[in-house]
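# Coordinate analysis (summary)
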Amino acid sequence: MIIEALYPEICNLYGDLSNIRYLSRSCGAEIVNTSLKETPRFVSQDVALVYMGTTTERGQELVRDAFAPYLDALKRRTERGGVTLITGNALEIFGEYIEDDGKNHIPMLGYFPIHSTRRLMNRYNSLYLGELDGMKIVGFKSQFGHSWGDVGDGLFTTLRGPGLNPDMKPEGIRIGSLMATYVIGPLTVLNPPFAKYLLSLMGVAEPVLAFEDAAVDAYNARVEEFSDPRRGFTY
Amino acid sequence: MEKAKCRPRGLGAVRFYVALWASRLSRPILRLTHHNGTNFPGELALKLCPDFLKYVARPGKIITVTGTDGKTSVANLICDMLEGAGYKVLNNRLGSNINSGIATSLLSDCTVFNRSRRNIAVLEVDERSSKRVYPSITPDYTVITNLFRDSIMRNGHPEYIADFLTSAIPPETKLILNGDDLISVSVAPENPRVYFGLTRLDTDVTECVNRINDLRICPRCSGKLEYEYLRYHHIGRARCADCGFESPEYDYAGTDIDLKSMTMAVRDAGGEAKYRLLSDSIFNIYNELTAIAVMRELGMEHSEIQKLTDHLKIAESRYKSDKVGDVEIVMQLSKDRNALACSRVFDYVSSRPGNKELLLMMNNLNDDKNWSENICWLYDCDFEFLNKDSVTQVVVTGPRAKDYYLRLRLAGVPGERIQCVRDELEAAELLKLEPDSHVYILYGTDSTCLKIAAQVRERVIARAREGLK
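First things first, this report covers the structure right here in the doc. (Residues numbered from 1 in each chain as written. Chains lettered and ligands numbered in written order. Predicted model: local features only at pLDDT ≥ 70, side-chain atom pairs only at ≥ 80, totals over all residues. Heavy atoms only, no water.)

## As for the overall build of chain A
Across its full length, chain A carries seven helices and 14 strands. For chain A, the C-alpha radius of gyration of 17 Å lies close to 18 Å, the compact-globule estimate for 235 residues. Put simply, 68% of the contacts in chain A that link residues at least 6 apart link residues at least 24 apart. Taking the average location of the 23 positive side-chain charges in chain A and that of its 29 negative ones, the two points are 3 Å from each other. (Helix = DSSP H or I, 4+ residues; strand = E, 2+ residues; numbered from the N terminus. Rg over C-alpha atoms; globule rule 2.2 N^0.38 Å. Contact = heavy atoms within 4.5 Å. Lys, Arg positive; Asp, Glu negative; His and termini not counted. Charge placed at Lys NZ, Arg CZ, Asp CG, Glu CD.)

What follows is the structure, encoded as structure tokens:
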């Protein structure tokens, strides 16, 4: 079983790569790293999960240019039920455009029906509490941008914190088994139920997580903490 | 010699002098009420006159020090060297490194008629505050120690900070840059500059072993960077095989580092001289080299700088050691929410001789009062360094203890070596304090954590003393 990390040399901020390290550790999958000048493995080979993490603003444009020739292959993969996870501002790369500080209009890949705004002097920090198929999702957001557009129910239903933007309830984007979210960092480590859900989608029967007891213990504590209405959510 | 400053005119002058006098008046009041060391005078001055930094008197020469890590240590070393050389130095070591702290330092130095009393200023400037400082103050030199990942919430990523500095630093300022850090090297490319760096060390590698390496691709063509030598993270000497881009040559090269005799040679266009090392940690060797490079830029001879370093000490505020019987108890600052700083501390501590017992309490307790600490940085941080047989015990504590426990397990640290307890003082009771062990209490920077860390230290020392009876 292969997990493909797209462009980990630049899509690696905020501990995002721990998402696939944890899944790999839990199911024994091999992680294959694809760099900017290489053809993604999923184009020609069966890959259980394609992953892309948070990058810099310049990195977003490098990824856009590198990935553009393979976008149709990703669409076909998604139609066939291939599992893809995109986290942090990598989500914006697949939108229509980024409007940068009210000055620049930066075209993006145009797969997701969203556009994003970037405000480099206003970093937005928040905790996140949401839901997916009855699973509570906890995590963190720390970003320069937000997105707008009709994304239906999104990926997660927001219980506390911002959705795709602070005024929207749906968080992230879901197209079949392609999932994209603004939640950064170790999402799978922080959310054992979601990690198991992903592993099931990848074809792992009865998944058991690495250090599952410790992960569940930390998860339960965080769900309780984030559900406390006295807990501040934005920073 | 005072540096020429903008002169306020008309109502602007009235506003400025009201701000100057009111803020100066606030200082004795603060002293009387035991509120020394705050930014209040500067905050007041900036509130009354937003252009205060533009008009306030400043010494004839200004050096600013910025960067992710080491800026306080470097600024202190430069200050100490200059004072040793007889300069009257203005600094902000007692205040903060943001615009109000710098305003406080400048106004504390000047006379009621807005004249500076000193001949040189060494100001530590927070990277994110540079846009509020540099429009009003043009440094002669800006030192950038390094640029790494810092607080996720505040600083985003180092490329963002590099761009931030590029847009803020005045074009005439000469940069003194870490040539081993290609992110720092990318700052303000049009400015005049010199580079310092350490030549290859025995411990260098060619492939990164750290989780964070923020410069894996060529900044010019996006090809893979190859490292001739790599010290940690992205610090080292790199070259792009695709386009030939490479790290700059050093103007000030630290070389022949000998940790036995605690010496380093510094080579530059004026020759080579041997210096006493102030510390055996690579971070502090960089700090010392940086300060020497600044002195050389100011025109001092090696022989003069050598004499100055003979009497220098690295400030111990971040490292405090007590020996109780045969147990050493070390308080080690390990900047919370900063993966890189903690990685460096883990690397340093775990490679020290002897058995180590660690108590990790780098939680940001102030964050915890209001929201919940963003723990993503734990997964950028090299906890893997703690997976060594000589690290015999790790006690994790505070609100994020369960997160630390999981991270340590994922780093390969055996479960039987880890204890996890919420209360910090209870954690102090769990340390084994085995004979000949070195106990490291790693604490964070927020004020609540500092207070509790002091109590933990006292308790551990008391337990070690009880063990002697």
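Back to the text.
## Focus: the sheet that holds strand 14 (residues 178-181) of chain A
Residues and elements named next belong to chain A. One open sheet holds the six strands; their spatial order is 2-1-3-4-14-13, and the pairing between them is mixed. Two strands bound the open sheet, and with one partner strand each, they are strand 2 (30-34) and strand 13 (173-175). The average undirected angle you get between the axes of adjacent strands in this sheet is 15 degrees. As paired elements, strand 1 (residues 2-6) and strand 3 (residues 49-52) share three bridges and run parallel to each other. Pairing of Ile3 across the sheet is with Leu49, part of strand 3. (Pairing = 2+ DSSP bridges. Axes fitted to C-alpha atoms, helices over the stretch in contact; angles between N-to-C directions.)

## What to know about empty space enclosed by the protein
Over the atoms rolls a probe the size of a water molecule, and in doing so it shows where empty space is left. What the rule picks out here adds up to six cavities of 30 Å³ or more. There is about 120 Å³ of room inside the largest cavity. In this structure, the largest cavity is lined by 17 residues; those nearest its centre are Glu57(A), Asn89(A), Ser142(A), Gln143(A) and Phe144(A). Among the elements of the structure, helix 2 (57-67) and strand 9 (135-143) of chain A are those that each provide at least two residues to the lining of the largest cavity. In the lining of the largest cavity, the residues fall into four nonpolar, nine polar and four charged. Estimated volume of the second largest cavity: approximately 70 Å³. Around the second largest cavity, the lining residues are Thr145(B), Asn146(B), Phe148(B), Asn178(B), Phe196(B), Tyr232(B), Ile235(B), Phe283(B), Tyr286(B), Asn287(B) and Thr290(B). (1 Å grid on protein atoms, 1.4 Å probe; cavity = no way out; pocket = protein on both sides within 12 Å on 5 of 7 lines; lining within 4 Å. Points joined across faces, edges and corners; volume = space filled by probe spheres on them. Nonpolar A, V, L, I, M, F, W, Y, C, P; charged D, E, K, R; others polar.)

## Looking at the interface of chain A and chain B
Across the contact, 45 residues belong to chain A and 40 residues belong to chain B. Across the chain A to chain B interface the summed buried area is about 3500 Å²; carbon plus sulfur atoms make up 59%. When the area that chain A buries against chain B is broken down by residue, the three leading residues are Tyr14(A), Phe211(A) and Tyr235(A), summing to 16%. Applying the counting criterion to the chain A and chain B interface returns seven salt bridges. For Glu159(B), the salt bridge is made with Arg58(A), and the minimal N-O distance between the two is 3.8 Å. (Buried area = accessible area lost by both parts, 1.4 Å probe. Salt bridge = Lys/Arg side-chain N within 4 Å of Asp/Glu carboxyl O.)

## Topic: the environment of Arg344(B)
Residue and element names in this part refer to chain B. Turning to its location among the elements, Arg344 is positioned in helix 12 (residues 339-350). In the structure, Arg344 is positioned 289 residues away from Tyr55 in sequence and 41 Å away in space, judged by C-alpha atoms. Among residues more than four places away in sequence, those in contact with Arg344 are Asn210, Tyr232, His233 and Phe283. A distance of 3.5 Å separates polar atoms of two side chains, one belonging to Arg344 and the other to His233. (Polar contact = N/O pair within 3.5 Å; in protein donor to acceptor, adjacent residues only side chain to side chain.)

## Focus on the layout of surface pockets
Approximately 640 Å³ is the volume found for the second largest pocket. Lining the second largest pocket are 27 residues; nearest its centre among them are Glu9(A), Asn33(A), Glu207(B), Arg216(B) and Lys224(B). If you list the elements that add at least two residues to the lining of the second largest pocket, you get helix 1 (18-27) and strand 2 of chain A together with strand 7 (225-232) of chain B. It is strand 7 of chain B that contributes the most residues to the lining of the second largest pocket, four residues altogether. Looking at the lining of the second largest pocket residue by residue, the classes come out as 11 nonpolar, seven polar and nine charged.

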